[in-house]
Amino acid sequence: MCLAIPGKLIEIASDSNGVRMGKANFGGIVKQVCLEYTPEVETGDYVLVHVGFALSKVNEEEAARTYQLLDEMKQLGELDTPDWDNNLFFERSTSS
Amino acid sequence: MKFLDEYRDETLARKIVAEVRRITTKPWVLMEVCGGQTHAIVKYGIDRLLPKEIELVHGPGCPVCVTSLEMIDKAHAIAQRPDVIFCSFGDMLRVPGSTDDLLILKSRGADVRVVYSPIDCLKIARANPDKKVVFFAIGFETTAPANAMSVWQASKQGIKNFSILVSHVLVPPSIASILQSPLNRVQGFLGPGHVCTVMGYHEYEPIAERFKVPIVITGFEPIDILEGVLMTVRQLEGGSHEVQNQYPRVVHREGNRVAQDLVNKVFEVCDRKWRGVGSIPKSGYKLRYEFHDHDAERIFDIKEIDTQEPEICISGLVLKGVKKPHDCPAFGKQCTPEHPLGATMVSAEGACAAYYAYGRHLKLADPNEKPTKVA
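Residues numbered from 1 in each chain as written. Chains lettered and ligands numbered in written order. Predicted model: local features only at pLDDT ≥ 70, side-chain atom pairs only at ≥ 80, totals over all residues.

### Considering the overall build of chain A
- In terms of helices and strands, chain A carries three helices and five strands.
- The order of helices and strands in chain A, counted from the N terminus, is β-β-β-β-β-α-α-α. (Helix = DSSP H or I, 4+ residues; strand = E, 2+ residues; numbered from the N terminus.)

### Concerning the interface of chain B and chain A
- The partner chain A presents 42 residues to the 57 residues of chain B that form the contact.
- Elements with a minimum of two residues in the side of chain B that touches chain A: helix H1 (10-23), helix H2 (35-44), helix H4 (63-66), helix H8 (144-156), helix H10 (193-199) and helix H13 (257-266) of chain B.
- Element by element, the count of residues in the side of chain B that touches chain A is highest for H1(B), at eleven residues.
- Broken down by class, the residue content of the side of chain B that touches chain A amounts to 30 nonpolar, 13 polar and 14 charged. (Contact = placed C-beta atoms within 7 Å. Nonpolar A, V, L, I, M, F, W, Y, C, P; charged D, E, K, R; others polar.)

### Here's the deal with the sheet that holds strand S10 (residues 267-274) of chain B
Residues and elements named next belong to chain B.
- Pairing in this open sheet of six strands is mixed, and the strands run S4-S3-S5-S6-S11-S10 from one edge to the other. Whereas interior strands pair on both sides, the edge strands pair on one side only; in this sheet they are strand S4 (111-114) and S10. The average angle at which neighbouring strand axes cross in this sheet is 25°, direction not considered.
- Two elements, S10 and strand S11 (residues 278-287), share seven bridges in a ladder whose sense is antiparallel. Each residue of the ladder has a partner; that of Phe 267, found in S11, is Leu 287. (Pairing = 2+ DSSP bridges. Axes fitted to C-alpha atoms, helices over the stretch in contact; angles between N-to-C directions.)

### A few points about the packing of H8(B) against H13(B)
All names here are of chain B.
- Packing of H8 against H13 leaves a shortest axis separation of 9 Å and a crossing angle of 55°. The angle between the axes of H8 and H13 places the two elements in the oblique class. Crossing angle aside, the handedness with which H8 passes H13 is left-handed. For the pair formed by H8 and H13, the contact residues are Ala 144, Pro 145, Ala 148, Met 149, Val 151 and Trp 152 on the first element and Ala 259, Leu 262, Val 263 and Val 266 on the second.
- For the contact of H8 with H13, the residue count by class is ten nonpolar, no polar and no charged. (Parallel < 35°, antiparallel > 145°, perpendicular 65-115°, else oblique. Left-handed = near helix turned anticlockwise from the far one by under 90°.)

### A short note on the environment of A:Lys31
All names here are of chain A.
- Structurally, the position occupied by Lys 31 is in strand S3 (residues 29-34).
- Residue class for Lys 31 comes out partly exposed when judged on the 14 C-beta atoms lying within 10 Å of it.
- When the C-alpha positions of Lys 31 and Gly 7 are compared, they lie 9.2 Å apart, and in sequence the two are 24 residues distant.
- Those residues in contact with Lys 31 that sit more than four places away from it in its chain are Ala 24 and Phe 26. (Buried ≥ 20, exposed ≤ 12 C-beta atoms within 10 Å, placed from the backbone.)

### Some points on the domain arrangement of chain B
All names here are of chain B.
- In terms of domains, chain B is made up of domain 1 (5-60 + 172-245), domain 2 (65-170 + 255-300) and domain 3 (315-357).
- Here domain 2 and domain 3 have C-alpha centroids that lie 25 Å from each other.
- In this assembly, nine residues from domain 2 lie in contact with eleven residues from domain 3.
- Classifying every residue of the side of domain 2 that touches domain 3 gives five nonpolar, one polar and three charged. (Domains from an automatic or database assignment.)

### Concerning the sheet that holds strand S2 (residues 54-61) of chain B
All names here are of chain B.
- Spatial strand order, S2-S1-S7-S8-S9: five strands in an open sheet with parallel pairing. Sheet topology places S2 and strand S9 (243-245) at the edges, where each strand pairs with a single neighbour. The mean angle between the axes of side-by-side strands here comes to 25°, regardless of whether they run parallel or antiparallel.
- Relative to strand S7 (residues 188-192), strand S1 (residues 28-34) is paired through three bridges, and the arrangement is parallel.

### Looking at the environment of B:Ser98
All names here are of chain B.
- Note that Ser 98 resides in the loop between strand S3 (84-88) and helix H6 (102-107).
- Under the C-beta neighbour-count criterion, Ser 98 is labelled partly exposed, with 15 such atoms within 10 Å.
- Spatially, the C-alpha atoms of Ser 98 and Ile 305 are 9.5 Å apart, while their sequence positions differ by 207 residues.

Written as structure tokens, this is what we have:
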């Protein structure tokens, strides 16, 4: 229910009632999004969308932190390899 | 997709799991609050990647699952009226009431419609001025801004034939209730990332302090969840109990003020009954009096309903993290997604439905055995 996914804002316009609306592209699927709660966002921004409402701009700098984390983890050196099967994680993720 | 795929990176997942293993010295019980997190954990087998000392128990964060039976029976009573178009999110359709579900009522001729967003109901209301359009407004804080906007716009635009049946629930009181229970085993929480996108996380700070429990606001992708686990275990092993934010790409401490303002204009906090859990003080939203023209409970004045839960179902204990789905004698037998006995088997975010979807009802030869791919 609290599912929210990031989409790229490709258009902003007010509807006939003056509600700030936009169109967001979710990996090729374009949907109408209400932007009343994200007055700061502009075309080209990524927004987090839940039941047709943008709840937040996705902060690209914070998102890039994942890669910094990866680099830091690599600095930890040769860690013991966990005793789970190769590719388990990804076989499972693509099987569903 | 950008901002999704990079959080499913296998190399990084392995590194984080290895780091969790390295720092873990004793058993810890963590609860993920959100049903969306539960779904991802079971889908990607995250619980089985973690060292055996780390147990993940599944929290109450599935609104479909915790909507009280009384409220569902009320929804069914309203939906059956010939003057009503009853609108709902899709996952409420199969939730069993005392006798029926919305899909059965639809098959008998009730005008039940699935909408993507509550705002879609306003169009339906304008197109059907002779009907009363009712939206089943369930959800946590994440969904409250959307539901609030539907009422706000209906009021502003003078759409008088639109109302909502409100069954909103709030996360912080439910976490406090779990921690106060004598049955509680939870020592740390993966907090609800999208609830906190709206509300911020300052409300969790007094809970972390009072119960001496770390709360890490966490996202929904595998890397987010693994990092949330790592941050929680780090705190537990180090003896600290802070609120930390794993999900800063969308969550800020103060949340979305614009959304909170409208939610507070439309809703006020009330006591709320949770299915399988019972009544929790100040754990829900109801419409403010100014919007009572859009309050379906007032408009339709449904009398108290005598409800009946199946005796065998343990979904209340599953929602509190006390039991796992496979502890239930009916799991995967009398109770399946095709014939659910409890709401936790209906929603994709319900722990029982997630366990069933990813083959956890199938017997493994050895409980510690790694699962094979399930078709």
